[in-house]
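These are the residues of each chain, in order.
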Amino acid sequence: MLRIGLMGGSFNPVHEGHLHLARAALESGCVDKVFFLPTGNPPHKSDGLANQFDRLRMVELAVQGEEKMEVCREEIDRDGIIYTVDTLRRLLQKHRGQRFVYLIGADTLRTLYTWRCVEEVITLCDFLVLMRPGEQREQMQRLMQAWRTRGAHITALTAEPMDISSTQIRNRISAGQTIDTLVPKAVADYIRERALYGNEVEMKREKIVYKLKKALDAQRFAHTLGVEETAREMARCFGEDEERAALAGLLHDCAKCLTLGQMVKAAKEVKLDPVMKESKALMHAVAGACMAKNIYGVEDEAVLSCIRWHTTGRSGMTRLEKIIYLADMIEPNRKPFDGLEELRALCREDLDKAMHRALLMSFEHVQRQGKTLHPDTLAALEDYEPVSEIQNMTAIEK
């Protein structure tokens with residue numbers, strides 16, 4: 001008869017401690033395999049509980065490569081409040097001729113009497129009690145014996161647990177701390193991708209960062225983080241919304257590593273001028289604004305506008321748009337260029353003087369390259385200094 005260990009729980013999230021205890025049960029010879037049994041709607045837990053399908057997927061990722069561990073969907077696929085007695089009835093119908101062994105801790109044994117239809121439960125499965133070394137053994141032995149007299153089959157297994165809890169992991173995520181040693185790598189990646197367990201702002205950023213790290217090369221990703229932080233600092237300095245600035249900085253180059261064809265496709269909803277369609281340097285800003293909206297879920301028009309104009313600029317730029325334009329030029333990872341430190345100093349003192357200087361530097365850079373100034377950049381520059389000799393220049397690469 002195959003003896004199947006059942007490890008039930010919310011797994012919110014699953015962690016290395018769960019896997020450690022499952023391995024201990026297998027190594028003891030008390031069970032032949034372990035079913036992880038994530039619950040759908042546990043009767044005693046609700047606050048901070050991730051979606052049941054996210055929790056199921058995390059357990060699936062955790063047991064990948066574990067030969068004698070499986071995931072059981074029995075409780076995930078059911079509606080309403082779920083009780084162990086109902087689960088055991090169903091499992092015994094599906095797995096005739098096999099014996100189930102519920103893996104529980106000493107704390108659960110102490111509250112076993114609260115389980116629904118517990119007198120039936122103890123006839124439907126055995127119990128393997130995973131106890132810590134030094135547990136109050138005499139007390140636990142008396143408790144186990146009391147259950148045995150009621151017909152329960154209970155075995156004790158002493159196993160050194162790992163000092164990890166799901167609550168600890170959720171708190172670390174909320175505090176922005178790493179969880180990489182507490183959960184399997186695939187689970188940590190999933191939590192980041194799905195932005196689970198953080199506050200709303202942190203969740204949004206974590207999800208964006210995860211996607212950007214895949215979409216950008218290492219150098220561009222480092223630049224992106226530099227612009228995010230610089231934009232936040234400048235927003236604080238000039239009285240703008242820090243979170244808006246940081247979000248725009250984080251996403252300003254989200255399309256940068258696409259091919260030109262991919263950029264044009266991403267911006268299909270925008271009417272593009274011929275010069276724009278031929279330049280990756282110009283096109284990535286337009287495509288980036290479209291991707292920020294359609295791929296990254298940004299609805300704030302002020303943020304989208306910052307991304308759209310961070311390369312060329314435009315006439316009548318908002319303060320937030322100027323901050324992103326400048327942060328892109330002065331962030332700490334930028335390669336040194338003539339006038340960079342002067343520009344950084346201006347960015348701490350006067351936003352319009354800094355913007356005027358940055359546009360002049362772009363104009364001078366274009367002149368040295370023998371190229372022409374894009375009309376939008378020309379219009380931005382003329383907000384500060386009408387220069388008749390550059391009125392007919394039509395393109396710039398930044």
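Treat the numbers as computed from the prediction; the structure is a model and nothing was measured.

## Observations concerning the packing of helix α17 (residues 340-347) against helix α18 (residues 351-369)
It is the contact of α17 with α18, at a shortest axis distance of 8 Å, that shows an interaxial angle of 155°. When the interaxial angle is binned, α17 and α18 end up roughly antiparallel. Handedness of the crossing formed by α17 with α18: left-handed. Two secondary-structure elements touch here, α17 through L340, E342, L343, L346 and C347 and α18 through K353, A354, R357, A358 and M361. Among the residues forming the contact of α17 with α18, the class breakdown is seven nonpolar, no polar and three charged.

## Re the packing of aromatic side chains
Counted by the stated rule, this structure contains four aromatic pairs. Between F11 and F36, the ring centres sit 5.6 Å apart and the planes meet at 50°, which makes this aromatic pair tilted. Of this pair, F11 sits in the loop between β1 (3-9) and α1 (16-28) while F36 is found in strand β2 (residues 33-38), placing the two residues 25 residues apart along the sequence. Each ring, one from Y102 and one from W115, has its centre 5.5 Å from the other, and the planes form 75°; the classification is edge-to-face. Residue Y102 is found in strand β4 (residues 99-105), and its partner W115 is found in the loop between α4 (106-110) and α5 (118-124); the two are separated by 13 residues along the sequence. Each member of the pair, Y102 together with W115, is buried. Each member of the aromatic cluster is reached from another via a ring pair, and the members are Y102, W115 and F127. A cation over a ring is seen here: R116 above Y83, with NZ or CZ 4.7 Å from the ring centre.

## Brief notes about the sheet that holds β1
Reading across from one edge, β3-β2-β1-β4-β5-β6 is the order of the six strands in this open sheet, with parallel pairing throughout. The open sheet has two edge strands with one neighbour each: β3 (69-71) and β6 (154-158). Going across the sheet, the axis of each strand differs from the next one's by a mean of 30°, ignoring polarity.

## Quick notes on the environment of E240
Checked against the element boundaries, E240 lands in the loop between α10 (218-238) and α11 (242-251). E240 sits in the partly exposed class, given a relative accessible area of 24%. Spatially, the C-alpha atoms of E240 and R319 are 7.7 Å apart, while their sequence positions differ by 79 residues. When residues no more than four places from it in sequence are discounted, the contact partners of E240 are A235, R319, L320 and I323.

## Here's the deal with the side chain of T311
Within the secondary structure, T311 is located in the loop between α15 (301-308) and α16 (319-330). Only 3.3 Å separates the side chain of T311 from the side chain of H310, close enough to count as a polar contact.

## So, the pattern of salt bridges
What the rule picks out here adds up to 30 salt bridges. Linking E243 and R232 is a salt bridge whose minimum nitrogen-to-oxygen distance equals 3.1 Å. A residue pair is termed long-range when its members are at least 10 positions apart, and E243 in helix α11 and R232 in helix α10 qualify at 11 residues. Note on E243: relative accessible area 38%, which makes it partly exposed. The exposure class assigned to R232 is buried, which follows from its relative accessible area of 17%. Ionic contacts of the salt-bridge type, sharing partners, join the residues E74, R78, R90 and K94 into one network.

## Side note on the side chain of H310
Residue placement: H310 occurs in the loop between α15 and α16. At a separation of 2.8 Å, a polar atom in the side chain of H310 contacts the main-chain carbonyl oxygen of I307.

## Quick notes on the confidence of the model for the protein
Confidence in the prediction of the protein, expressed as mean pLDDT, is 89, and 94% of residues score 70 or more. Long-range and interchain partners of residues 390-398, a stretch whose pLDDT sits below 50, account for 41 contacts in this model, where long-range means more than four residues apart.

## Details of the packing of α15 against α16
Relative orientation of the contacting elements α15 and α16 amounts to 40°, with a least axis distance of 9 Å. In terms of orientation, α15 lies oblique with respect to α16. In the crossing of α15 with α16, the sense of the turn from one axis to the other is right-handed. Side by side, α15 and α16 meet where A302, S305 and C306 of the first sit next to L320, E321 and I324 of the second. For the contact of α15 with α16, a count of residues per class yields four nonpolar, one polar and one charged.

## Here's the deal with helix α14 (residues 280-294)
Relative to the 21 Å expected for 15 residues at 1.5 Å per residue, α14 spans 20 Å between its end C-alpha atoms, a close match to the ideal helical length. Counting buried positions over the 15 residues of α14 gives 12, a clear majority of the element. Those residues of α14 that sit buried are A281, L282, M283, H284, A285, V286, A287, G288, A289, C290, M291 and A292. Those residues of α14 hidden inside the fold are in contact with α11, α12 (260-266), α13 (274-277) and α15.

## Let's talk about the nonpolar core
Counting residues in hydrophobic clusters, the biggest one holds 61 residues, and the most contacted among them are L212, M234, L251, L326 and L343. For this core, the element with the most residues is α18, which contributes nine residues. Not counting the four nearest positions on each side in its chain, L251 is found in contact with I208, L212, A292, Y296, V298 and I307. Membership of the second largest hydrophobic core comes to 34 residues, among which are V31, A62, L157 and L182.

What counts as what
- Residues numbered from 1 in each chain as written.
- Predicted model: local features only at pLDDT ≥ 70, side-chain atom pairs only at ≥ 80, totals over all residues.
- Heavy atoms only, no water.
- Axes fitted to C-alpha atoms, helices over the stretch in contact; angles between N-to-C directions.
- Helix = DSSP H or I, 4+ residues; strand = E, 2+ residues; numbered from the N terminus.
- Parallel < 35°, antiparallel > 145°, perpendicular 65-115°, else oblique.
- Left-handed = near helix turned anticlockwise from the far one by under 90°.
- Contact = heavy atoms within 4.5 Å.
- Nonpolar A, V, L, I, M, F, W, Y, C, P; charged D, E, K, R; others polar.
- Phe/Tyr/Trp six-rings, centres within 6.5 Å; stacked < 30°, edge-to-face > 60°.
- Buried < 20%, exposed > 50% of the residue type's maximum accessible area, 1.4 Å probe, protein only.
- Lys NZ or Arg CZ within 6 Å of the ring centre and 35° of its normal.
- Pairing = 2+ DSSP bridges.
- Polar contact = N/O pair within 3.5 Å; in protein donor to acceptor, adjacent residues only side chain to side chain.
- Salt bridge = Lys/Arg side-chain N within 4 Å of Asp/Glu carboxyl O.
- pLDDT = per-residue confidence, 0-100.
- Expected span 1.5 Å × (residues − 1).
- Core = buried A, V, L, I, M, F, W, Y, C linked by side-chain atoms within 4.5 Å.

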